[in-house]
Amino acid sequence: MADMSQGRKNVPVAGSLQPNTQTISGSKGLDFDEPLIFEMGEDGRSGIDVQPVEISPSRLGGMERKNKVGLPGLSEPQVVRHYTRLSQKNYGIDSGFYPLGSCTMKHNPRVNEKIARMQGLGDLHPLQPQSSVQGALELIDTLAHWLKTLTNMPAVAMSPAAGAHGELCGMMAIAAAIEASGENRTRVLVPESAHGTNPATAAACGFTVDAIPATEQGRVDIEAFKAKLGPDVAGIMLTNPNTCGLFENDIIEIADEIHKVGGYFYCDGANLNAICGRVRPGDLGIDAMHINLHKTFSTPHGGGGPGAGPTVLSEALAAYAPVPYVVHGDDGFKLIENKKDSKDLGDAPFGRLKGYHGQMGMFTRALAFMMSHGADGLAQASGDAVLNANYLRTELEDTLSVSFDGLCMHEVLFDDRFLKDTGVSTLDFAKAMIDEGFHPMTMYFPLVVHGALLMEPTESESKETLDLFIKTIRGLAEKAKSGNAEFFAAAPRHTPRRRLDETAAARKPVLRWKPEAEE
Ligand SMILES: *Cc1c(COP(=O)(O)O)cnc(C)c1O
């Protein structure tokens, strides 16, 4: 075996990955420098004893493989350790504080997982006869009832598979309603602080995106918004609370104005966890809003899913909801999969958004979260999330530069003015946080401020965790302000890999291992 304990052979390290040079092995403490399984492999090594094979004369007539297959040869313990270590490299909400803003990384109660795995729920098949899945249909119907009650909206489409998918659902419903009215509305107004999925969704539905500037207070510039209104406006996509962590105070006026010109109000409901049980979006005049079950009602998310983005719809849009729908009749629960089967659902569907009935596992987790908290518990959770964010804000506002004055909602936005003339960037600062055992906050988003640092503690974190975080951030900020640019530029130090060239990693990803001989 080569000179490194994990068997990394002398292979060039991809791109500009810098291996940690401060230890002989490349590992840090018991955090291992884990090579690729291909780098560890050794010809002839195997997890089991294989009998020598007698090669019979080839009948492939010269078509046989000339090169080795290139599979790595490893012993069983090597394989077990490799994959165990890889699994331990995942940083998640169960490992520690995860302060990403605009993501809502909150604790996922274990009771949800237990219920989602119960045989009667976990082993369901989407093609089972409806008579055999009455309980599951009741679960979907009950969750729909909670969502409509919490938002005060008359209808909900349950099938969208994530927030962005819910946006697509809502905007397709708006497009269908406009088409049915015979009007020609092509423009969608989107505030410049919006999540990238908002303009992407509007564009995907064939609308042109018209950006509304933000005020000094980080909210929609109402005069600029009004100036953009006209008969060609299909609607507005507004996030509330917005991505600066602020409540849009003019939301009712915005709803009235958009309705006056015949447009629709799409509200991005990803931040419902800040207002759940306290404000009902239906009372604010919205027409469509997706709910990220995986942000507001726990359920794990990350790595691309699974999530769920049920979309509530107003009276005006309910008829344009996609199938399927659960209805409750005298003879039990029924899944309407074709609009022709139900008179009360209108006749202008845009069909299905996804196969089957939605993300059943997420529905189960979300309903378990709701029912174990109760309505009062949900209101308490959003109150605590807002309280925790404001605790970070007040404890850090003298250290960092807070972007907007006044109380924030569930997340607090800082910018990089506190790093002015220090030679330290938001990125350097975040890398130094990793050495201190903290996952960085969201950086450089939203774009309305320079060098954004967006923190969302959620209701999950204890005061002790937040206090250690605050102490660490204060210490690092002090260090940055007293001239330690080289220290920050060299962070992280305590990780097996140092600073990655993120641009090269995105632009020239090395996705295929080539044995040395082929290079
Ligand atoms: C997370 C988020 C989305 C997208 O939701 P996904 O479930 O990731 O598709 C959209 N808008 C805002 C404001 C968000 O925070």
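Here we summarise the structure given alongside this text. Note that the structure is predicted; figures quoted are calculated from it, not measured.

## Some points on the sheet that holds strand S13 (residues 453-455)
- In space, the 4 strands of this open sheet follow the order S10-S11-S13-S12, with antiparallel pairing throughout. Strand pairing shows two members of the sheet lacking a second neighbour, strand S10 (401-402) and strand S12 (442-443), which therefore form its edges.
- Examined bridge by bridge, strand S11 (residues 412-415) and S13 share 3 bridges and lie antiparallel to one another. Within the sheet, the bridge partner assigned to Leu413 lies in S13 and is Leu454.

## Focus: the pairing of strand S9 (residues 332-336)
- Taken across its 5 residues, S9 has 4 buried, putting it largely inside the fold.
- Relative to S9, strand S8 (residues 325-329) is paired through 5 bridges, and the arrangement is antiparallel. Residue Val327 lies in a different strand from S9, and its bridge partner there is Lys334.
- The antiparallel pairing of S8 with S9 creates a hairpin that spans 2 residues between the two strands.

## Comments concerning unusual backbone geometry
- Following Val323, the chain continues into Pro324 via a peptide bond in cis, with omega recorded as 0°.
- Positionally, Pro324 belongs in the loop between helix H11 (315-318) and S8.
- A cis amide bond, omega 5°, links Phe445 with the succeeding residue Pro446.
- Relative to the helices and strands, Pro446 is located in the loop between S12 and S13.
- The phi torsion at Thr104 lies on the positive side, around 50°, for a residue other than glycine.
- Here Thr104 shows up in the loop between helix H2 (76-88) and helix H3 (110-116).
- For Tyr356, which is not glycine, the phi torsion reads 60° and is therefore positive.
- Relative to the helices and strands, Tyr356 is located in the loop between S9 and helix H12 (360-396).
- The exposure class assigned to Tyr356 is partly exposed, which follows from its relative accessible area of 40%.

## With respect to the side chain of Asn271
- Position of Asn271 among the secondary structure elements: in the loop between strand S5 (264-268) and strand S6 (288-290).
- Once residues lying within four places of it in the same chain are set aside, the contact partners of Asn271 are Thr239, Pro241, Asn242, His410 and Glu411.

## Some thoughts on the sheet that holds S6
- What the 7 strands build is an open sheet, ordered S1-S7-S6-S5-S4-S2-S3; its pairing is mixed. What marks the edges here is a single partner per strand, and that holds for strand S1 (155-157) and strand S3 (208-212). For this sheet, the mean inter-axis angle between neighbouring strands, taken without regard to orientation, is 25°.
- Pairing between S1 and strand S7 (residues 311-313): 3 bridges, direction antiparallel. By the bridge assignment for S7, Val156 is matched with Val312.
- Contacting S1, S6 and S7, helix H5 (residues 134-151) crosses the sheet at an angle of about 125° to S1.
- The strands touched by helix H7 (residues 197-204) are strand S2 (187-191), S3, strand S4 (233-239) and S5; relative to S4, the strand with the most contacts, the crossing angle is about 155°.

Parameters at a glance
Residues numbered from 1 in each chain as written. Predicted model: local features only at pLDDT ≥ 70, side-chain atom pairs only at ≥ 80, totals over all residues. Heavy atoms only, no water. Pairing = 2+ DSSP bridges. Helix = DSSP H or I, 4+ residues; strand = E, 2+ residues; numbered from the N terminus. Buried < 20%, exposed > 50% of the residue type's maximum accessible area, 1.4 Å probe, protein only. Contact = heavy atoms within 4.5 Å. Axes fitted to C-alpha atoms, helices over the stretch in contact; angles between N-to-C directions.

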